[in-house]
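Per-entry structural report
Each chain, written out:
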Amino acid sequence: GSVLFSLAIPVLVFVFKPDSLLLSLCVALLWSSAPLLAYAISRERRSSLPPASATDVRELRRTARKTWRYFEEFTTVRTHFLPPDNDQIDPPRGIAHRTSPTNIGIGLLSVLSARDFGYIGTGKMADLIDKTIATVETLPKWNGHLQNWYDTTTLLPLSPGYVSTVDSGNFVG
């Protein structure tokens, strides 16, 4: 359909505005190439990288499981299902009771990934996402935007209050 339409453009321009024929031919050429362009960018690309070795796959899965364990252990009712920024081990200071939109977004992504890796089921995934989003909906916002840092125990924004475009983008992503 788009190719036929692109052929109609120059004909209509020739009839109604012949002085714009050259421009209409350029537009028609671009328009008619749209299906080919869509096909080219939609093709599955073959990787030129060699497949990962069994050892590499085991190591990557071990790292993924340890990463999920962090979120599983620290994103709980104690933190209102918001992932803490960090857990400092050396020197031992424990959980940092603060979170940001980036932390929340990555926490949500970790829940989806845990489900994809088979660490949790679909019901658990939905429950964790629901609890996190329910908390996010209650957080004080500035003009509808999440502020950059919140205390995970009180859910109050930390001073100084500000909105970070980077962290907001990470949350949305």
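Per chain, the residues get numbers from 1 upward, laid out in the order the sequence is written. Restriction of local features to residues with pLDDT of at least 70 applies here, the model being predicted, together with a cutoff of 80 or more for giving and counting side-chain atom pairs; totals for whole chains, interfaces and linings are based on all residues. Side-chain calculation: all heavy atoms of the structure are included, whereas hydrogens and water are not.

Turning to the side chain of Ser168, a few remarks are in order. Within the secondary structure, Ser168 is located in helix 7 (residues 165-172). For Ser168, a relative accessible area of 19% translates into the label buried. Any pair of residues with heavy atoms lying within 4.5 Å of one another is described as a contacting pair. If we ignore the near neighbours within four places in the chain, the residues touching Ser168 are Pro101, Leu146 and Val163. By the criteria applied, helices consist of DSSP H or I runs no shorter than four residues and strands consist of E runs no shorter than two, each listed in order from the N terminus. Relative accessibility under 20% of the residue-type maximum defines a buried residue, over 50% an exposed one, and the middle range a partly exposed one, all with a 1.4 Å probe and only protein chains included.

The patches reported here contain residues having more than 30% relative accessible area and no salt bridge. Joining distances are 9 Å for like charges and 5 Å for nonpolar side chains (Val, Leu, Ile, Met, Phe, Trp, Tyr). Surface accessibility in these figures is a Shrake-Rupley result with a 1.4 Å probe; residues are shielded only by whichever protein chains are displayed. The term salt bridge refers to a pairing of a side-chain nitrogen on Lys or Arg with a carboxyl oxygen on Asp or Glu at a separation within 4 Å. A contiguous nonpolar surface patch, about 570 Å² in accessible area, is contributed by Val11, Leu12, Phe14, Val15 and Phe16. By relative accessible area, which is 53% here, Phe14 ends up exposed.

Before going further, it helps to spend a moment on the side chain of Ser110. Along the chain, Ser110 turns up in helix 5 (residues 101-117). When its relative accessible area of 11% is taken as the criterion, Ser110 is described as buried. From its side chain, Ser110 meets the backbone oxygen of Gly107 in a polar contact 2.6 Å long. Apart from residues no more than four positions distant in its own chain, Ser110 is found in contact with Trp68 and Phe71. Nitrogen and oxygen atoms within 3.5 Å of one another constitute a polar contact, given that in protein one can donate a hydrogen and the other can accept it, and given that sequence-neighbouring residues count only through two side-chain atoms.

When the pLDDT values of the protein chain are averaged, the result is 92; 100% of them are 70 or greater. Values of pLDDT, the confidence the predictor places in each residue, fall between 0 and 100. Mean pLDDT across the secondary structure elements of the protein chain bottoms out at helix 1 (residues 2-16), with 84, and peaks at helix 6 (residues 122-138), with 98.

How two aromatic rings sit relative to each other is given by the distance of their centres and the angle of their planes. Note on aromatic contacts: the rings of Phe and Tyr and the six-membered ring of Trp form a pair at centre separations within 6.5 Å, being stacked when their planes are under 30 degrees apart, edge-to-face when over 60 apart, and tilted otherwise. Enumeration according to the criterion identifies three aromatic pairs in this entry. Centre to centre, the rings of Tyr70 and Phe71 are 5.3 Å apart; their planes meet at 90 degrees, and the pair counts as edge-to-face. Exposure remark for Tyr70: the relative accessible area of 21% places this residue in the partly exposed category. Each residue in the set Tyr70, Phe71 and Phe74 is aromatic and connected to the rest through ring pairs, giving one cluster. Sitting above the plane of the Tyr119 ring, Arg65 keeps its charged end 5.0 Å from the centroid. Both a distance and an angle decide whether a charge sits over a ring: NZ of Lys or CZ of Arg must be within 6 Å of the ring centre and within 35 degrees of the ring normal. One Lys or Arg, Arg98, reaches over the ring of Trp149 and ends 5.7 Å from the middle of that ring.

Take helix 6 next. A helix is expected to span 1.5 Å multiplied by its residue count minus one. With 17 residues, helix 6 should reach 24 Å at 1.5 Å per residue; the first-to-last C-alpha distance of 25 Å fits that figure. Among all positions of helix 6, only Met125, Leu128, Thr132, Thr135 and Val136 are buried. Viewed along the axis of helix 6, the buried residues span an arc of 105 degrees, placing them on a single side of the element. Residues Gly123, Asp130, Glu137 and Thr138 are exposed on helix 6 and point more than 90 degrees away from its buried face. Buried residues belonging to helix 6 abut helix 4 (54-74), helix 5, strand 4 (141-142), strand 5 (145-146) and helix 7. Each C-beta atom gives one direction from the helix axis, and the arc is the one those directions make.

This paragraph deals with the environment of Pro83. Considering the arrangement of structural elements, one finds Pro83 in the loop between helix 4 and strand 1 (87-88). In contact with Pro83, not counting residues within four places along its chain, are Phe71, Thr75, Arg98, Thr99, Asn103, Ile104 and Gly107.

Attention now moves to the pattern of salt bridges. Counted by the stated rule, this structure contains five salt bridges. Asp85 serves as the salt-bridge partner of Arg98, at 3.6 Å between the closest nitrogen and oxygen. Placement of the pair is Arg98 in strand 3 (residues 98-99) and Asp85 in the loop between helix 4 and strand 1, with a sequence separation of 13 residues. Residue Lys131 pairs with Asp127 through a salt bridge whose shortest N-O separation is 3.1 Å. Here Lys131 pairs with Asp127, and both are found in helix 6, just four residues apart, close to one helical turn.

At 3.6 residues per turn, the α-helix brings residues three or four places apart onto the same side. With 15 residues, helix 1 should reach 21 Å at 1.5 Å per residue; the first-to-last C-alpha distance of 21 Å fits that figure. Among the residues of helix 1, Ser6, Ile9, Pro10 and Val13 are the ones counted as buried. Down the axis, helix 1 shows its buried residues gathered within 80 degrees of arc, on one side only. Turned more than 90 degrees off the buried face of helix 1, the exposed positions are Leu4, Leu7, Val11, Val15 and Phe16. In the core, the buried residues of helix 1 are packed alongside helix 2 (21-32).

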